[in-house]
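Analysis of the macromolecular model
As a plain string of letters, each chain reads:
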Amino acid sequence: FLSTRNCPCKMSQLPPKSPLASPVSEGTNSAVESLDNLSMDSFWLEVENIKQSAEAEQEECSLADVKTQEEGEAEAEWLQDAGLSDLLGDRASGSDNVLLSTLTKTQAAAVQRRLDTYSRSRRRKNKHPVRDVRDIFGVVNSEDTAAEKEEPSPDPLWHKLRTSNVQRKTQDYSCTVRNPGKEEMFNMDVAYSEQAAVLLKGSFLSDSRRLKDGNALTKFKIPKGRLGVTRIGDLSAQDMKKIPTLALIELTALCDVLGFELKRNKAAKLKTTEKRLFGVPLNTLLENDQKLLPNTKVPLLLQALLSCLEKRGLETEGILRVSGSQTRIKSLEQKLEKDFYTGLFSWDEVHQNDVSGLLKRFIRELPAPLLTAEYLPAFAAVQNIPDLKQRLQALNLLILILPEPNRNTLKALLEFLSKVVARENNNKMNLWNVSTVMAPNLFMHKGLPNKIPEGKEKQLAEGAADVVRMMIHYQDLLWTVSSFLVTQVRKLNESNSKKYQFCDKRIKNLLRKIHADKDKVEKNQSEPSKIVKVHASLLLKESLEVHLNNATRVADVLRQFQKNLCQNGWNIVNTVSLLKCNNSMECTNLLFYEVGGNIGEHCLDPDTYLLDLYHINPHAEWIIKQNPSYPRMF
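A few points on the structure. What you are looking at is a predicted structure, and each value in this text was computed from that prediction instead of being measured.

Scoring rules and cut-offs
- Residues numbered from 1 in each chain as written.
- Predicted model: local features only at pLDDT ≥ 70, side-chain atom pairs only at ≥ 80, totals over all residues.
- Heavy atoms only, no water.
- Helix = DSSP H or I, 4+ residues; strand = E, 2+ residues; numbered from the N terminus.
- Polar contact = N/O pair within 3.5 Å; in protein donor to acceptor, adjacent residues only side chain to side chain.
- Contact = heavy atoms within 4.5 Å.
- Expected span 1.5 Å × (residues − 1).
- Buried < 20%, exposed > 50% of the residue type's maximum accessible area, 1.4 Å probe, protein only.
- Core = buried A, V, L, I, M, F, W, Y, C linked by side-chain atoms within 4.5 Å.
- Phe/Tyr/Trp six-rings, centres within 6.5 Å; stacked < 30°, edge-to-face > 60°.
- Lys NZ or Arg CZ within 6 Å of the ring centre and 35° of its normal.
- Pairing = 2+ DSSP bridges.
- Salt bridge = Lys/Arg side-chain N within 4 Å of Asp/Glu carboxyl O.

**Observations concerning the side chain of Asn 598**
For Asn 598, the position within the fold is in the loop between β9 (590-596) and β10 (599-603). A polar contact of 3.0 Å, which involves the side chain of Asn 598, links it to the backbone oxygen of Ile 616. Ignoring sequence-local partners within four residues, the contact set of Asn 598 consists of Val 489, Arg 490, Asn 493, Glu 494, Ile 616 and Asn 617.

**Let's talk about helix α15 (residues 388-401)**
Given 3.6 residues per helical turn, the α-helix brings residues three or four places apart onto the same face. In this model α15 runs 20 Å from its N-terminal to its C-terminal C-alpha over 14 residues, within 8% of the 20 Å that 1.5 Å per residue would give. For α15, a buried count of 14 out of 14 residues is recorded, marking the element as mostly surrounded by other parts of the structure. The opening residue of α15, the one whose side-chain oxygen lies 3.2 Å from the backbone nitrogen of Lys 389, is Asp 387.

**Description of the environment of Glu 374**
For Glu 374, the position within the fold is in the loop between α13 (352-365) and α14 (376-381). As a C-alpha pair, Glu 374 and Lys 263 span 111 residues in sequence and 8.6 Å in three-dimensional space.

**Quick word on the nonpolar core**
Formed by 130 residues in total, the largest nonpolar core has its most connected members in Phe 379, Phe 443 and Met 471. In terms of residue count, the dominant contributor to this core is helix α9 (residues 243-258) (ten residues). With residues near it in sequence (within four places) discarded, Met 471 still touches Phe 379, Leu 395, Ile 399, Leu 410, Leu 414 and Leu 478.

**Details of the packing of aromatic side chains**
Throughout the structure, instances matching the rule amount to nine aromatic pairs. For the pair Phe 43 and Trp 44, a centre-to-centre distance of 4.9 Å together with 75° between the ring planes defines the contact as edge-to-face. In this structure, Phe 43 and Trp 44 share a single accessibility class: buried. The ring of Trp 78 carries the charged tip of Arg 114 above its face, separated from the ring centre by 5.5 Å. Sitting over the face of the ring of Tyr 609, Arg 226 holds its NZ or CZ atom 3.8 Å from the ring centroid.

**Digging into the pairing of β10**
Across four bridges, β9 lies against β10 in antiparallel orientation. Pairing of Gly 596 across the sheet is with Ile 599, part of β10. In sequence, β9 turns back onto β10 through a hairpin of two residues, with Gly 597 there showing a positive phi of about 75°.

**So, the environment of Leu 305**
Note that Leu 305 resides in helix α11 (residues 300-312). Among residues more than four places away in sequence, those in contact with Leu 305 are Trp 347, Val 355, Leu 358, Leu 359 and Phe 362.

**Focus: the pattern of salt bridges**
Opposite charge on two side chains makes pairing possible when the charged atoms of those side chains draw close. Tallied over the full model, the rule gives 22 salt bridges. Its salt-bridge partner being Asp 116, residue Arg 120 comes within 2.4 Å of it at the nearest N-O pair. Of this pair, Arg 120 and Asp 116 both sit in helix α4 (residues 105-124), four residues apart, which is roughly one turn of that helix. For the pair Arg 120 and Asp 116, one class covers both residues: buried. The partner of Glu 315 in a salt bridge is Arg 423, and the shortest N-O contact between them spans 2.3 Å. Note that Glu 315 is positioned in the loop between α11 and α12 (326-339) and Arg 423 in the loop between α16 (404-422) and α17 (424-427), a separation of 108 residues in sequence. The class for Arg 423 is partly exposed, based on a relative accessible area of 34%. What you see here is one network of salt bridges that share partners, running through Lys 224, Arg 553, Asp 556, Arg 559, Asp 605 and Asp 607.

Structure representation (structure tokens):
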């Protein structure tokens, strides 16, 4: 096999296997192993193509080498990124930190472990006294006091995570050996780290085989609770800003429980470029594109490349795998730089293999990896988690941590790759073929250092391809915001609203009355029915009065709204675009939002039970809006 050690576009450093992460079972079918060896040829062929392209242009690194951090620096940076910067420094205090009050036991343990390491490092440097972690998390017993003087225990369930403190003992999150093709539940109501702690206690962790046949992959189903499922994009921008910090804390807690070290690269400053398309940071691309087309979330060039391939390349045999002409690709790049924004560039005569080459080049030429320089090692390390469900849990959290431009761009790419796989019978590109071709373009970057252990190239290559395969196949699951994270966002919002102090006694009395009313509502959650008003100001002058009971869902209200809108002669303000030619309206054209209270704005799942939602957020308004559509420019 071709070694990536000789390639100028270097594979990022990947952490060594954890003791918990055993290799694929010795009982694995030899036919599967043979298939693995054969299918990896596409990976190494792609590496060779990248190498030749880079050597021809003698490209220099656009990203500074990652510097080794001193003791305590990584922990300080982690606390800052986790929204806990007020715990740093000589006057650190967690008493006013709202975030701490929302954490689970495993999440709090992850924070305390890093704060403890940070504190020790400062003491060793003979700096000013640092606030003891017990002042922030409360008093611990004598056994814990003695333990703090020692180095952190290698035990995955740290001393603060005694099994006696793990709640929900009656719930079983065990996942026995996977049966390919069988549907399993993917629990998002309870924090992943809490689930892992229960599994580890019962020794239920399994080593799922990495089968390369997409048809044999385990099927996961997210069980819909009474509050439905929340997808990325359903929450307001204000609430989504809280998700990455919560996801980072949860991912760290999950890795702690599993015994993995979550390593992150330090972000490096990007070099500027005179180009307008290739080699330009995503943020800059989107800023320029939004001047032409407001609300653009995916770079227009990437949209154009994907649109061209979807129209004329999905049926092409070997698409993505068969390399186009490097000379033509370079020439096309120059023409795009000159004519793309003027609208003079024509895609009609461009060969599809050249377009796929441009697509992969666009991804590789980003100044920072699409998966970000900071978290690329973490994405690669997912392969070391032996259990498939926990690999997906880690990936789900990593997707949520990504900056919005990176996450949106990655989603557009994965949706296209799914379409390629769906045409496998014609283009001869199955899920594993596509994954092995795309993995080098996502996991190799010319600006990151190369420190691959000798003899580990094949293992790391297969692992990177396996991560890409999971992202393609399970993207719907991965782009879901877990219910426990939404609950934490609600708690944050509630705590923030209580944090403000008022001098006016009248305002204090009003707040006291509001909270008393809320407590009264919470005490009467068995209330069998409720009458509420639903607003649709952009569609109607009047509000819709809805009688709620335990069976009332969002979909029921939308149907009631549709019926009244079309049959009862309400005063219609603006429904022309919603009316179909048969004078009826599809419910799918309407969205139901929860606004205010302990949430910013939340687009609700049609299967959400509204009385349950009312009990959780009684002070919110409910609004019906038209479903926005953003057609592609190209």
